[in-house]
Every structure is written in C-alpha cells, then in structure tokens.
Amino acid sequence: MTPAEAEQLLYREALALDRRDWDGWLALYAEDCVFWMPAWRDETTPTQDPDSELSLIYYHGRRNLEERVWRIRSGQSVASTPLPRTVHAVTNVLVERTEGDRAFLSASFTVHRHDRRAEKDHVFFGRYEVETVRQGENWRIAMKKILLLNDVIPTVIDIYAI
Amino acid sequence: MEAAKCPNLALQTAQFVLSEYRVESQMTIDDLSALVDDRPDEGIFRIHRAIFDDEQVFEAEMRAIFEGGWVFLGLSSQAPAPHDFFTTDVGRVPVIVTRDGDGQLAAFINSCPHKGSRLAQTMTGNARLFVCPYHSWSFDSAGRNRNIKWKKAGCYSAAFDRDGHDLARLPAFADYRGFLFGSLTAEVPDIAEYLGEAAKLLDLVADQSADGMELVPGGVSFTFDANWKLQLENCSDAYHFTSAHPSYIRILERRKEAPDTATTRSVWENNANWAEDAQGVQGGSFSFPHGHVLNWGVMGVSDALPLFESADDLARRHGEARRDWMFNMRNLTIFPNLQIAENASSQLRVIRPLSAGRTEMRTWCIAPKGESAAARRQRIRQYEDFFNPSGMATPDDTVSYENCQRGFASRVDPWLQGYGRGMGASSPAGNVFSDSIAMQPERSVTADAQLCDETLYHSYYREWRRRMTGAAQ
C-alpha cells in the first residue's frame, strides 16, 4: 500500500462520516472487521485485552457497525436526533509496514463537534491504528483501533465523532 | 492581636463574613424544605424545579449531604495489596484510601497538612511513602508523618511540635463487605444502621462469588450538563425505558430475529420487562430509610446472563430464593452517590456533582471474581453495548437529563409532576418478594409492566429534606 493510497482511504472514511454517507462509510470495512476504541486503565495506560478489560467500543463484525448506523438513522435515539455537525482532520498518516495483501497504518485525528441543540463545542483527539486488506481493486479496513486520548466524555460520543 | 496590627485584614474578614451571611440569608432552611411538597394524606408529592438548578441549593447539598454524611468511596478490591491506594473525592474534597503494611484500610484527606497540596495525584498506585511534591513532607501508608524536610534547621516554635503532623483521617470510615464508605463528619450513624435492610441488596452483589467482586480494568468517566439528582432518579426510573431507548430495544429485536456470532446476546432477549403488553407481576420497587431504593424486574435464571455458569453453585451456597434474586434486574441506589445497576450487564457508578448544572459519572463494570473467561467477555460486551457513553443507551438518558435541566429554568410552573405514579400502589413494609430474602423495606410497590412506580423517588427527597434541614444523622 502506498502512502498516497493510505491517505486516500483514511480521508475517504473521514469524509463519508462528515457527509453522513453511512453506506459509503460501511463499504470501506471488511465484513469481519474489528472496530475498537479502548478505555483507559489509569492516567497513562489504555486497556489492551478487549476480552478481559473494558473498551469504550469493541465490535468484531461489520454487522455491529450497521446496527450503529441503523440507530443513527432510526430517529428513535434522542442522542442522535438531530446529529451534531462534525469535521474530521486526519494527519500524520504513515504506512508502518505491508505484508502481502495487508498493510498496517497509523495516523492522528481530531474531530471537531458542534452540537447546535446543546449549544456546545468539543474536540475529540487521538490516534488511529489501522490494518487494511486488499480486496480486488480496493483496500478495505480489516481492523481500526481508535485510541481516544481525551476520554472524559462530554455526554455522548458516537461513531461519527471519532 | 494580628488583626489589630493589620486593619485591612480585619476589614476583609468582616466583608467575607458579611457575604457569607448574605448567601445564607437568601436561602433559609424553610425555603429548602419548601422545595419538597410532601403531603401524603392529600395524595400530593411534588418537587420544585429550583431543587435542580439553584447554585445555593447545590452549595447547601455539598455541605449537608456530600460533605456531611456517609458517601461511597470505592471497593476494597481497588487496593488489594499492602501499600496499595486509590484516590477519589468526597463532595469537593480529595480523598485517598490506602492499605497499610499490615493490610488495614483507612481513608485520609488527600492534602498535605503543610500547604494543602494534593499528595497522591494518580487514580491508583502502590506507595510505602507519600512524598509531597511541593516541599517533600512525607507520610507512610498509614497516614503517619515520617519526615518534615530540614526540620531541625527550621527553627519551629514549641507550639508547632505540640501539633500533630499526620494526614487528617476521615472522621468516619467503614468497610461493608468490600464496599467502602467515608464521611467528613463523625456525626453519622453506624454504617450498619445507615445501610439498614438495603445492605441485603449489597449482599446480593457481594455474594455472586465466594471471592467477592472486582472492577473490570478500564474505568469510563463522562459528564453531563445537568443536576446530579437526575442520575439519582434515572436509575430508578422504569417509565423512561421504552420511551428513551426504543433504538436499543429494536436492535435487540433485530439480533433476536437474525442471531449470529458477531453480535452480543442480550439479557433481555427472553424477557418481557420492556414489552408493554406483558401480563402479571413484572417487578416493582422497594424503599428504605436514609434514601436507599431499589427498582427491580423479574428476569429468570437465563443463560443470556454471564452469571448462569454459577447458577447451581449459587443456589447451593445461598438458597434458591437468593440465587433467583441475583438474576433479577436490580437497579440499586445507596444514597447519595452509589448506584449498582444489574440489568443489561453489571455497572457500578459513582455520582460526582460538580455544580448545580453539571455532574461527572465515574463508571465501571463490576464482576464476580473468578468467573470464566467466556462469561467475563460476555459481561463486558453487554456492558459496552448499553452502559457506555459510547454505547447505544446511556447517551439517550444523558441527553434527556440535559433537556430537563434546560426546562428547569422555568418558574412559571415550578412544580414537577414526575412523582405521582404508584401513589395508589405503595404499601408500607415489604411483600412476598422481599420476604423471600428476609428483607424488610420501609415501603414497597408491586408492578406490572406499565405501572412504573415513581414513589420510590419520594425516599430520595425525604432523606434530602431531612439532611438539608439539619437533622442529626
């Protein structure tokens, strides 16, 4: 995977979320993907084993992401209706290594959120670790770990704000 | 003497006293008491909106409730080994809970007697010696002062030497079966009296493993811009579930229709608790003195619960009735700041009020020690789904709290109407369900799926009023 391809993939994902192009977002993920945002054990150490430690989000399988999208679209979640406005800025994209059809990326992110209803602004920030897999002509996300650094959550955090 | 030499200081002191007096004079005890309109003989219970958004009420709550009586500190298993410690807050006061070299737990004000600096600055740790980062006074894990830097060269007065220099101990500290409580005043009843019969509900948590309970590594903190009592009420609120969480309920239904290995099984998948047309007794509520309450629902001994692997063993050790209660949905509040919610999974919450309109929640997955890896994994997945601020249910609660807080600004119609359901169903003492575990609540309600008792909140506000009006504990 070239650095340009890695950037394109992560920028495309960010744009899909900011545009609320949920189907476009889901299409970037492999069916058996892992989507993982660890919690923190203490001030300095994130949780590392999702089976024995708590995560903020841990999903194995795209179906879980489809459920999250369904909830956002459903109109049945007051936390998601109306949605706040967001913009992702993804930087420091690095292809750390490539192994055959797989590549391992890292990047940094900030997500600016403006919640007009609550009259509040917030910035979430952290790092991504992403494993991609080549499927035909396309690279898809096989694993995305979102290391959220400011983890005292103001009221709500959802898949569109990380 | 000192003030006479410095007239400006005397003047400032007088102004300070004056301003303190002004604050107090604006909100009298009669005013505070009037925020709770409790007339049981007339079938009236109403709460005034000011109880949630008035900063003077908040200041008085901090003094009278959070800094004036028992509050939950944490679990003894958060400091398992000698010299382990964890930090927390009692009201606005930083506190350290440490285990000394002999294994004894104690709680101290986390503040150096020298200049007031916080000593321990981390959530948890292990320290034989706490060395103040500011001027290096040091204290051992039993709170004893071990060194004052350059003491001899310091030319202290004899009076200084007569003073104690140890860490200030919390005036009251108690360990009830691993649940640790502390108070900034010694004027508290014995912890057994304070918990009363509600202690039997803590037993249902503690007894789920012969080894006791632990917090799963990884705590989650979140804030909401609303009053802490909204969290107090929501935990006990059966009425909101189908209104606030339909997206979560629909997702559970979709999983049930098309089960696979990718998604998490829900404890509610075979349960009528949230089904509006369920027949018969579905649960109810119990209230206890001192503001402790339980909202509960019939759950059944289901293999969708991680505890299922221990079902037979628990029945053998504690009897079937207690075992069955361990499987029931139970939302317990120990007033004022501890909630243990065992419904979609098992959560321990500590409520930390920050201001009248802002609250921090510190939350953990609480689990029986020694459960299998598969059960632990299931518990964690169920927890993340429902309880996290990044999950599919809690945000729909906290956003609603914030909507309430906005609405509390009104004084046009100051009396809230959210305390009336169940007024005709609440009975003194317990019922057949509490009898089955020999528990004697002060009041009880037996409910079908739609009763959704609101009288259990009355306990919160009766205790609130008792404490706020200066009643001896």
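Residues numbered from 1 in each chain as written. Chains lettered and ligands numbered in written order. Predicted model: local features only at pLDDT ≥ 70, side-chain atom pairs only at ≥ 80, totals over all residues.

## Regarding the overall build of chain A
To be explicit about the condition: For helices the rule is a DSSP run of H or I covering at least 4 residues; for strands it is a run of E covering at least 2, with both sets numbered from the N terminus onward. All radius of gyration figures rest on C-alpha atoms, and the globule criterion is 2.2 Å times the number of residues raised to 0.38. Once C-beta atoms are placed from the backbone, each residue is buried if 20 or more other C-beta atoms lie within 10 Å of its own, exposed if 12 or fewer, and partly exposed for counts between those two.
Check the secondary structure of chain A and you find 3 helices and 7 strands. Reading chain A from its N end, one meets helices and strands in the order α-α-β-β-α-β-β-β-β-β. Taking 162 residues into account, the globule formula puts the C-alpha radius of gyration at 15 Å, and chain A, at 15 Å, falls close to it. Counting only C-alpha atoms and orienting by the principal axes, one finds that chain A spans roughly 45 × 35 × 30 Å. Counting all 162 residues of chain A, 40% fall into the buried class.

## Observations concerning the interface of chain A and chain B
Going by this rule: It is the C-beta atoms, placed from the backbone, that decide contacts: two residues are in contact if theirs lie within 7 Å. Residues are grouped as follows: nonpolar covers Ala, Val, Leu, Ile, Met, Phe, Trp, Tyr, Cys and Pro; charged covers Asp, Glu, Lys and Arg; every other residue, Gly included, is treated as polar. By the convention used here, strands pair only if DSSP detects at least 2 bridges between them.
On the side of chain B, 37 residues touch chain A, which itself brings 35 residues to the contact. Sort the elements by how many residues they give to the side of chain A that touches chain B and helix H3 (residues 62-74) of chain A lands first, with 6 residues. Looking at the side of chain A that touches chain B residue by residue, the classes come out as 16 nonpolar, 10 polar and 9 charged. Sheet topology note: the strand E7 (residues 152-154) of chain A/strand E14 (residues 220-224) of chain B ladder contains 3 bridges and is parallel. Bridged to A:Ile153 within E14(B) is B:Phe222.

## Brief notes about the sheet that holds strand E1 (residues 36-39) of chain B
Residues and elements named next belong to chain B. Test applied: Fitting a line to C-alpha atoms yields each axis, with helices limited to the stretch in contact; the angle taken between N-to-C directions then spans 0 to 180 degrees.
Within the open sheet, the 3 strands sit side by side as E1-E2-E21. Their pairing is antiparallel. Two strands bound the open sheet, and with one partner strand each, they are E1 and strand E21 (415-416). Relative to strand E2 (residues 44-48), E1 runs antiparallel, the two being bridged by 4 bridges. The residue of E2 that forms the bridge with Asp 37 is Arg 46. In the packing of helix H17 (residues 456-468) onto the sheet, the strands contacted are E1 and E2, and the crossing angle to E1 comes to about 110°.

## Side note on the sheet that holds strand E9 (residues 138-140) of chain B
Residues and elements named next belong to chain B. Read across the open sheet, the 3 strands follow the order E8-E9-E10; overall the sheet is antiparallel. At either margin of the open sheet sits one strand with a lone partner, and together these are strand E8 (129-131) and strand E10 (145-147). Pairs of neighbouring strands in the sheet enclose a mean axial angle of 35°, with direction left out of account. One ladder, built from 2 bridges, connects E9 with E10; its direction is antiparallel. Along E10, the bridge assignment pairs Ser 138 with Asn 147.

## Some details on the confidence of the model for chain B
Residue and element names in this part refer to chain B. For the record, the criterion: Each residue carries a pLDDT score, the predictor's own confidence in it, on a scale running from 0 to 100.
Considering every residue of chain B, the mean pLDDT works out to 92; 92% of them sit at 70 or more. Overall, residues 1-25 carries pLDDT values under 50, and its contacts beyond four positions in sequence, including any with other chains, amount to 4 contacts. Model confidence for the complex is summarised by a pTM of 0.94, with the ipTM given as 0.98.

## What to know about the environment of A:Pro84
With respect to the helices and strands, the residue A:Pro84 is situated in the loop between H3 and strand E3 (85-99). The spatial distance from the C-alpha of A:Pro84 to the C-alpha of A:Arg116 is 6.5 Å, given a sequence separation of 32 residues.

## Points about the pairing of strand E6 (residues 105-109) of chain B
All names here are of chain B. The pairing of strand E5 (residues 93-99) with E6 spans 5 bridges and is classified as antiparallel. Each bridged residue has a counterpart across the sheet, and for Arg 99 the counterpart in E6 is Leu 105. Where E5 folds back on E6, the antiparallel hairpin that results is connected by 5 residues, among which Gly 103 adopts a positive phi of roughly 90°.

## Here we look at the pairing of strand E4 (residues 84-90) of chain B
Residues and elements named next belong to chain B. Buried residues dominate E4, accounting for 6 of its 7 residues. Relative to strand E7 (residues 124-126), E4 is paired through 3 bridges, and the arrangement is antiparallel. Within E7, the residue paired with Phe 85 across the bridge is Gly 125. Pairing between E4 and E5: 6 bridges, direction antiparallel. Counted as the bridge partner of Thr 87 is Ile 96 from E5.

## Examining the domain arrangement of chain B
All names here are of chain B. Worth spelling out the cut-off: In this document the domain limits rely on a domain assignment from an automatic tool or a database.
What the domain assignment lists for chain B is domain 1 (71-176) and domain 2 (193-468). The distance between the C-alpha centroids of domain 1 and domain 2 comes to 34 Å. Contacts between the two partners involve 7 residues from domain 1, matched on the other side by 13 residues from domain 2. Looking at the side of domain 1 that touches domain 2 element by element, the count peaks at 3 residues for strand E3 (residues 71-75).

## With respect to the environment of B:Met27
Residues and elements named next belong to chain B. Assignment of secondary structure puts Met 27 in the loop between helix H2 (7-26) and helix H3 (29-34). Separated by 78 residues in sequence, Met 27 and Leu 105 place their C-alpha atoms 39 Å apart. Among all residues touching Met 27, those that are not within four sequence positions of it are Leu 32, Gln 56, Val 57 and Ala 60.

## A look at helix H5 (residues 55-66) of chain B
Residues and elements named next belong to chain B. Let me state the cut-off plainly: This arc corresponds to the set of directions leading from the helix axis out to the C-beta atoms.
Restricting attention to buried positions, one finds in H5 the residues Val 57, Phe 58, Ala 60, Glu 61, Ile 65 and Phe 66. Each buried residue of H5 sits inside an arc of 165° when the element is viewed along its axis, so together they form one side. Tucked inside the fold, the buried residues of H5 contact H3, helix H4 (50-53), E3, E4, strand E19 (346-355) and H17.

## Regarding unusual backbone geometry
With the exception of glycine, most residues fall at negative phi, and the peptide bonds are largely trans. Of the consecutive residues A:Thr81 and A:Pro82, the connecting peptide bond is found in the cis state with omega at 0°. Mapped onto the fold, A:Pro82 is located in the loop between H3 and E3. Residue B:Pro336 is reached from B:Phe335 by a cis peptide bond, and omega for that bond is 5°. Residue position: B:Pro336 is located in the loop between strand E17 (329-334) and strand E18 (338-342). Look at A:Thr155: it is not a glycine, yet its phi comes out positive at around 70°. Of note, A:Thr155 is situated in the segment after E7. The exposure class of A:Thr155 is buried, given the 22 C-beta atoms found within 10 Å.

## As for the nonpolar core
Inclusion rule: Buried Ala, Val, Leu, Ile, Met, Phe, Trp, Tyr and Cys residues whose C-beta atoms connect them within 7 Å together make up a nonpolar core.
One finds A:Ile162, B:Phe72, B:Leu73, B:Val95, B:Val97, B:Phe181 and B:Cys365 to be the most contacted residues of the largest nonpolar core, which totals 150 residues. Element by element, the count of residues in this core is highest for H17(B), at 6 residues. A domain-level breakdown of this core finds at least three residues from each of domain 1 (71-176) and domain 2 (193-468) of chain B. Among residues more than four places away in sequence, those in contact with B:Leu73 are B:Thr88, B:Val95, B:Val97, B:Ala107, B:Leu180, B:Phe181 and B:Gly182.

## Some remarks on the packing of helix H12 (residues 311-318) of chain B against helix H13 (residues 320-327) of chain B
All names here are of chain B. Using the following cut-off: Under this scheme an angle from 65 to 115 degrees is roughly perpendicular, one under 35 degrees roughly parallel, and one over 145 degrees roughly antiparallel; angles in between are oblique. In this scheme the crossing of two helices becomes right-handed for a clockwise turn of the near helix relative to the far one and left-handed for an anticlockwise turn of less than a right angle.
As a packed pair, H12 and H13 sit with axes 7 Å apart at the nearest point and diverge in direction by 135°. Taken as axis vectors, H12 and H13 run oblique relative to one another. In this structure, the crossing between H12 and H13 has a hand that is right-handed. Facing H12, whose interface residues are Ala 311, Leu 314, Ala 315 and His 318, H13 presents Glu 320, Arg 322, Arg 323 and Met 326. Looking at the contact of H12 with H13, its residues break down into 4 nonpolar, 1 polar and 3 charged.

## Quick notes on helix H15 (residues 394-407) of chain B
Residues and elements named next belong to chain B. Rule in force here: Expected helix span is taken as 1.5 Å per residue step, with the number of steps being one fewer than the number of residues.
Here H15 spans 20 Å end to end across 14 residues, near enough to the 20 Å set by a 1.5 Å rise per residue. For H15, the complete set of buried residues consists of Thr 394, Pro 395, Asp 396, Asp 397, Thr 398, Val 399, Tyr 401, Glu 402 and Gln 405. Tucked into the core, H15 has its buried residues touching H4, E14, helix H9 (228-235) and helix H10 (241-244).

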